[in-house]
Amino acid sequence: MEISNTDTIRISDAEFHMIADFVYREFGIRFADQKKSLVEGRLSKVWKEGNYHSIRNYLDDVKSDQSGKKLQEMMNRLTTNHSYFFRENQLLTYFSQNGGFQSLGYMPRQTNPDIRIWSAGCSEGQEPYSLAITLLEYFGPHLKVVNPFILATDISERALMKAVKGVYTKAEIAENVNKLFLVNYFEHVGSDEYQIKKSIRDMILFRRLNLNNDVYPFKNQFDIIYCRNVMIYFDNDSKERIINRFYKYIKPSGYLVIGCSESINNLKHPFKQVAGSIYRKIEKI
């Protein structure tokens, strides 16, 4: 660890690997060597404020913190929480316009209760709110009949705090939220801020969850699991474990949706690709 006059503390390759190995053991996230500068930039402030003399000293402090706050702070800083409304919108319209909801037995006027969706890696809330708006647009006044439930999870408490509030600047929503959606689903709460209406916020349960956990605390399965642009942080072994874990939490013939730039075709898993990055659960033989 090299203290300099700049805001960034430089670490050696060996120190970087100590951090990378620790993050992998705790969260299953693999930091490649080219992420060294990212780690330096995002943790330097913590190292300076904590007056740590070495990376080992810092990691020992994180491990010994019984509250878990220092570990959480570490992950808040290291994980990127970038998203926006209606990102990769074709993955939403597949269900609302191309028969995805119908294939699950959900029709606008059909009394088939309990549609359950999980947004895994929800970042600052844009994805689950986009899902909620998609449901409202599809089911309209009949939405209550299907008793919708959206679970949104992320590893970052900082991202979840913003997601729960549902407050975004005009710049954060201007590009992908049309004027009609802005009027119907947002409230103007400041000169440059808009908040998702409470009726929509109430459709979503936000919780912190590490996808690398061996077991997820869910009693009921989901119709659709969205896990987009999250598994890019995991190596193939971790991806396979997570994908096969997802299988247990998806209803028969339910869906797993990943990011458009992602692929799981090179991994062993019990899903059938049905459209681009949309996969459907098939029964194991």
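Quick note: structure is the one above.
Attention in this report is confined to the structure presented alongside it. Nothing here was measured: the structure is a model prediction, and the numbers come from that model.

Quick notes on the rules
Residues numbered from 1 in each chain as written. Predicted model: local features only at pLDDT ≥ 70, side-chain atom pairs only at ≥ 80, totals over all residues. Heavy atoms only, no water. Axes fitted to C-alpha atoms, helices over the stretch in contact; angles between N-to-C directions. Helix = DSSP H or I, 4+ residues; strand = E, 2+ residues; numbered from the N terminus. Parallel < 35°, antiparallel > 145°, perpendicular 65-115°, else oblique. Left-handed = near helix turned anticlockwise from the far one by under 90°. Contact = heavy atoms within 4.5 Å. Nonpolar A, V, L, I, M, F, W, Y, C, P; charged D, E, K, R; others polar. Pairing = 2+ DSSP bridges.

Examining the packing of helix α2 (residues 36–50) against helix α4 (residues 69–78)
Thought 1: Between α2 and α4, whose axes approach to 9 Å, the crossing angle comes to 140°. Considered as vectors, α2 and α4 are oriented oblique to each other. For the element pair α2 and α4, the recorded crossing hand is right-handed. Contact residues: Leu38, Val39, Arg42, Leu43, Lys45 and Val46 in α2; Glu73, Met74, Arg77 and Leu78 in α4.
Thought 2: Considered class by class, the residues forming the contact of α2 with α4 number six nonpolar, no polar and four charged.

Some remarks on the sheet that holds strand β3 (residues 167–169)
Thought 1: With antiparallel pairing, the three strands of this open sheet are ordered in space as β3-β5-β4. Here the strands that pair on one side only, and so sit at the sheet edges, are β3 and β4 (186–188). Strand after strand, the sheet turns through a mean of 35° between neighbouring axes, direction not considered.
Thought 2: Taken together, the three bridges between β4 and strand β5 (residues 193–196) define a ladder with antiparallel strand orientation. For Glu187, the partnering residue across the bridge sits in β5 and is Gln195.

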